Amino acid sequence: MTGHVYLIGAGPGDPGLLTLKAKDCLEKSSVVIYDRLVSEEILAMVPCDAERIYVGKAANSHVLPQADIDALLVEKARLGHTVSRLKGGDPFIFGRGGEEAEALMSKGISFEIIPGISSVMAAPAYAGIPLTHRTLAAGFHVVTGHECLHSLGTPWEVLALSSQTLVILMGMGHLREISEKLIANGRAADTPVAVIQWGTTLKQEVVVGTLGEIARVVEEARLQSPAVIVIGDVVRLRQTLRWFEPDMAWSR
Ligand SMILES: C[S@@+](CC[C@H](N)C(=O)[O-])C[C@H]1O[C@@H](n2cnc3c(N)ncnc32)[C@H](O)[C@@H]1O
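Residues numbered from 1 in each chain as written. Predicted model: local features only at pLDDT ≥ 70, side-chain atom pairs only at ≥ 80, totals over all residues. Heavy atoms only, no water.

1. Thoughts on the sheet that holds strand β3 (residues 51–54)
Then step 1. If you trace the five strands from one edge of the open sheet to the other, you get β3-β2-β4-β1-β5, paired in parallel fashion. In this open sheet, the two edge strands, each paired with only one partner strand, are β3 and β5 (110–114). Each adjacent strand pair in this sheet contributes to an overall mean axis angle of 15 degrees, direction not counted.
Then step 2. Of the pairings in the sheet, the one linking strand β2 (residues 31–34) to strand β4 (residues 82–87) comprises four bridges and is parallel in character. Each bridged residue has a counterpart across the sheet, and for Val31 the counterpart in β4 is Val83.
Then step 3. Packed on one face of the sheet, helix α1 (residues 20–27) meets β1 (4–9), β2, β4 and β5 and runs near 140 degrees to β1.
Then step 4. Helix-sheet contacts for helix α3 (residues 66–78) involve β1, β2, β3 and β4, and the interaxial angle to β4 is about 155 degrees. (Pairing = 2+ DSSP bridges. Helix = DSSP H or I, 4+ residues; strand = E, 2+ residues; numbered from the N terminus. Axes fitted to C-alpha atoms, helices over the stretch in contact; angles between N-to-C directions. Contact = heavy atoms within 4.5 Å.)

2. Some remarks on the domain arrangement of the protein
Then step 1. What the domain assignment reports for the protein is domain 1 (4–114) and domain 2 (119–247).
Then step 2. Taking the mean C-alpha position of each, domain 1 and domain 2 sit 28 Å from one another.
Then step 3. Listed by partner, the interface residues are eleven residues for domain 1 and 19 residues for domain 2.
Then step 4. Summed over both sides, the interface between domain 1 and domain 2 buries roughly 1,000 Å², with carbon and sulfur atoms accounting for 71% of that surface.
Then step 5. Counting across the interface, domain 1 meets domain 2 through zero salt bridges.
Then step 6. Counting across the interface, domain 1 meets domain 2 through two residue pairs in polar contact (both at pLDDT 80 or more). (Domains from an automatic or database assignment. Buried area = accessible area lost by both parts, 1.4 Å probe. Salt bridge = Lys/Arg side-chain N within 4 Å of Asp/Glu carboxyl O. Polar contact = N/O pair within 3.5 Å; in protein donor to acceptor, adjacent residues only side chain to side chain.)

3. Description of the sheet that holds strand β6 (residues 140–144)
Across a sheet, strands are paired by hydrogen bonds formed along the backbone, either parallel or antiparallel in direction.
Then step 1. Taken in spatial order, the five strands line up as β6-β7-β10-β8-β9 in an open sheet, and their pairing is mixed. Each edge of the open sheet carries a strand with a single partner, namely β6 and β9 (205–210). When strand polarity is set aside, the average angle formed by the axes of neighbouring strands in this sheet is 20 degrees.
Then step 2. Across six bridges, the pairing between strand β8 (residues 192–197) and β9 is antiparallel. Paired with Pro192 across the two strands is Thr210, which belongs to β9.

Written out as structure tokens, the structure reads:
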């Protein structure tokens, strides 16, 4: 009998942010296929006798090419396994979960999507930055800073003029270029920016600066991927709402 696939969002890093439904699916899996940003604590929930297959490395380079990951999911399900495909954050936000679901659907494999808490909002929340606020931002945009991953491109000239918060994932490699493009298209150089590395984890680090200086500040602090970049006036709220620091025992 053909098996079943759960496409699971593992959340942003803090294992406490895994959903109950995701935990339940993991506990009944015989195969788990996982990416780089999935924590050890979450993998520990997988039954000892389940096969674990690591397929992810960094943003655009996988241990296995995407087509092979799709084929692996189909192959394991056809062997009758209950497969958990664990992806960081939410599987349908910049995680190619949509492509994996399409591959399963095209081969007639049954699957379920288990949404996860995305780094889009979790990393800012752990940095004390609300993405919306009644007097500061009526909404937010989420884009990738890694344009080549997205053939549709990002309308930086439009985003530059928006008064809403801008959240950028996978933007660390292009931070200087992005900030220059936003300023060239009309965003004020003194707009506050936060960069949150390894958000929600014990390795979380946050730096804050203005749009004009953030690339230099991040370089000096040696922050790298994975990080969420938040641009907009809501970043100022961190001064008063900062609540989580990995070295503060009470905040966990
Ligand atoms: C391929 S995308 C996957 C996003 C994921 N599906 C989600 O919903 O969070 C990877 C990017 O997510 C962001 N990211 C994921 N986990 C993060 C974390 N714990 N802290 C900061 N950024 C994170 C980074 O921008 C990273 O480059």
